[in-house]
Amino acid sequence: MNPIIKGITNNILNKRKLALAIENLVAHHNMSYLEALTFVIEETGFDPVNIKRVLDPSIKAKLKEEAMALRLITVKPAAKLPGIE
């Protein structure tokens, strides 16, 4: 097992451990945030539906930014107030 993943596979998973593992994979293994998250999910066997509960807000923001750049998601334009252009 990858030593980066080994630190988060114990019984206690928290936002800090997961964020550190993802940041480490991005920094040292030339992965995108999406690739790093997918790698962690595959290596640990975590349910992808439930992993969002333990994602750090900074990692969520980076994933969203990356997905928008890849055009995987779109952001709705901000609502305009009536009479203001």
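Check the entry above for the structure.
Residues numbered from 1 in each chain as written. Predicted model: local features only at pLDDT ≥ 70, side-chain atom pairs only at ≥ 80, totals over all residues. Heavy atoms only, no water.

Secondary structure summary: the protein chain contains 4 helices and 0 strands in total. Ordered by position from N to C terminus, the α and β elements of the protein chain give α-α-α-α. By the burial criterion, 27% of the 85 residues in the protein chain qualify as buried. Pairs at least 24 apart in sequence give 51% of the contacts found in the protein chain among residues at least 6 apart. Only carbon and sulfur atoms are counted for the fraction: they give 57% of the accessible area of the protein chain, which is about 6400 Å². (Helix = DSSP H or I, 4+ residues; strand = E, 2+ residues; numbered from the N terminus. Buried < 20%, exposed > 50% of the residue type's maximum accessible area, 1.4 Å probe, protein only. Contact = heavy atoms within 4.5 Å. Areas by Shrake-Rupley, 256 points an atom, 1.4 Å probe, with all protein chains shown as cover.)

Turning to the pattern of salt bridges, a few remarks are in order. Within this structure, the stated rule accounts for 1 salt bridge. Across the pair K62 and E23 runs a salt bridge whose closest N-O atoms are separated by 2.8 Å. Remark: E23 occurs in helix α2 (residues 15–28) and K62 occurs in helix α4 (residues 57–69); sequence separation between them is 39 residues. (Salt bridge = Lys/Arg side-chain N within 4 Å of Asp/Glu carboxyl O.)

A cluster of nonpolar residues, L34, M68, L70, L72, I73 and V75, forms a patch on the protein surface that exposes about 530 Å² of accessible area. With respect to the secondary-structure elements, L72 resides in the segment after α4. (Patch = residues over 30% accessible without salt bridge, like charges linked within 9 Å, V, L, I, M, F, W, Y side chains within 5 Å.)

Okay, a positive patch on the surface next. A cluster of basic side chains, namely K15, K52, R53 and K60, defines a positive patch on the protein surface. Inspection of the secondary structure assignment puts K15 in helix α2. (Lys, Arg positive; Asp, Glu negative; His and termini not counted. Charge placed at Lys NZ, Arg CZ, Asp CG, Glu CD.)

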